[in-house]
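Close look at the chain arrangement
If you want the building blocks of each chain, they are given just below.
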Amino acid sequence: MNASVEQMERSEPRVVLSARGLRRDFGGFTAVRDVDLDVHDRRVHALIGPNGAGKTTVFNLLTKFLQPTAGKITLLGEDITRTVPDKVARKGLVRSFQISAVFPQLSVLDNVRVALQRKSGLAHQFWRPLSALNQLNSHAENLIATVGLTRERDVLAADLSYGRKRVLEMATTLALDPKVLLLDEPLAGMGQEDIGTIANLIREVAATRAVLMVEHNLSVVADLCHHVTVLQRGEILAEGNYDTVSRDPRVRTAYMGTEED
Ligand SMILES: Nc1ncnc2c1ncn2[C@@H]1O[C@H](COP(=O)(O)OP(=O)(O)OP(=O)(O)O)[C@@H](O)[C@H]1O
C-alpha cells in the first residue's frame, strides 16, 4: 500500500452524502422536518424508527424521487437538490431494488451482464445480440463470485429462492459501481442463513463505499452499522453509534411495544 492510500485508510472517512434542513410536506402534513444527515464513505449508516417515522420519505428525497419542500442535498460535494433521479444515479447514488431490476427469464450471469452493459454505456446498442456482451464476461464473473453466486451462475433468476434473488439484486446494483448505496430494508423477509450472507456482503461492500440503509432488524443494525439515525414523526430523535442510541431513554420510549430489544 502506498503512503497516501495508507494515510487515507487511517484518516476519518469523508462525508459523501449530506442533507441539511430537509423537509417534505404533503398538503398540510409535514412528513419530514429539519433533517440533517451526513453519510460517510466506508461506513454503514442505518436509518431506523417506528412505522410512519419518515424513513421511506427521506430515502425518496435523497434519491430525488420526491422533491424536498425545503433543505439542501449534497452528493460528493455537489448540490443535487434539484437534480433528476436518473442523473443522481449516474453520479453514484444508487438505491438497491430500485433501478437494479432483475429479469426473471435471464440467468444470473446474463442479469449481471445486462447491468454492466448499462454502466458501460453499451445500453444504446440494444439491437446487438446477447453475444455482444461477451466482453463484459470476466467482470460479470468476478462480481458473481464477490456475492457468492458462482454455483447459480446459469440458473434463471425466476428459479432462485427469495434470498438468493436479493443477493442477485445486490450484484446488479454493484455493477453500477455506486459511491453511495441506499438499501431499503435489505433483510426483510429473509431466513437466518440469507441474513448472514447479505449482512456479510453489506460489510464487504462498505469497505469501498458508503452504505445508508433502512432496517427494522435491530440486531443486524447493532452488528453492522457504524452510525445510527433514529427518526420519529419525521424528525431526528437521536443519533450516534448503536450503543449510544439504544441506551437513549427517548429511543426506548419510541420503540416501546413496537420492537423487542
Ligand atoms: N405521498 C404521501 N402523501 C401523504 N402522506 C404521505 C405520503 N408518503 C408518506 N406519507 C406520510 O408520511 C409519514 C411518513 O411515511 P414514511 O413512509 O416515510 O414512513 P416510514 O418510516 O418509512 O414508515 P414504515 O416503516 O412503515 O415504512 C406517514 O405518516 C405517511 O402516512
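One can find the structure itself at the top, above this paragraph.
My aim in this report is to walk through the structure given alongside it, one point at a time. (Residues numbered from 1 in each chain as written. Predicted model: local features only at pLDDT ≥ 70, side-chain atom pairs only at ≥ 80, totals over all residues. Heavy atoms only, no water.)

Every residue lining the ligand is accounted for by F26, F29, A31, P50, N51, G52, A53, G54, K55, T56, T57 and H216. N51 has a polar side-chain atom sitting 3.4 Å from an oxygen atom of the ligand. The backbone of G52 places a nitrogen or oxygen atom 2.8 Å from an oxygen atom of the ligand. When the ligand is considered free in solution it has 630 Å² of accessible area, and contact with the protein chains removes 58% of it. Mapped by element, the contributors of at least two residues to the shell around the ligand are β2 (29-40) and α2 (55-62). With three residues, α2 is the single largest residue contributor to the shell around the ligand. Its residues assigned to classes, the shell around the ligand shows five nonpolar, six polar and one charged. (Near = heavy atom within 4 Å. Polar contact = N/O pair within 3.5 Å; in protein donor to acceptor, adjacent residues only side chain to side chain. Areas by Shrake-Rupley, 256 points an atom, 1.4 Å probe, with all protein chains shown as cover. Helix = DSSP H or I, 4+ residues; strand = E, 2+ residues; numbered from the N terminus. Nonpolar A, V, L, I, M, F, W, Y, C, P; charged D, E, K, R; others polar.)

Turning our attention to the layout of surface pockets. To find leftover empty space, one rolls a probe the size of a water molecule over the atoms. The computed volume of the largest pocket comes to approximately 310 Å³. A89, R90, R118, K119 and L176 are, among the 14 residues lining the largest pocket, the residues nearest its centre. Those elements giving two or more residues to the lining of the largest pocket turn out to be α3 (85-90) and α4 (108-120). Sorting elements by how many residues they give to the lining of the largest pocket places α3 first, with three residues. Along the lines of polarity and charge, the residues of the lining of the largest pocket split into six nonpolar, one polar and seven charged. (1 Å grid on protein atoms, 1.4 Å probe; cavity = no way out; pocket = protein on both sides within 12 Å on 5 of 7 lines; lining within 4 Å. Points joined across faces, edges and corners; volume = space filled by probe spheres on them.)

Strand order in the open sheet formed by four strands is β2-β1-β4-β5, with antiparallel pairing between adjacent strands. What marks the edges here is a single partner per strand, and that holds for β2 and β5 (78-79). (Pairing = 2+ DSSP bridges.)

Turning to the environment of Q117, a few remarks are in order. Take Q117: it is sitting in helix α4. In this structure the C-alpha to C-alpha distance between Q117 and L176, which are 59 residues apart in sequence, comes to 9.2 Å.

On to the environment of R250, then. One can find R250 in helix α10 (residues 249-255). Residue classification places R250 among the partly exposed positions, given a relative accessible area of 47%. Residues R250 and A238, spaced 12 residues apart in sequence, show a C-alpha to C-alpha distance of 8.0 Å. When residues no more than four places from it in sequence are discounted, the contact partners of R250 are L237 and A238. (Buried < 20%, exposed > 50% of the residue type's maximum accessible area, 1.4 Å probe, protein only. Contact = heavy atoms within 4.5 Å.)

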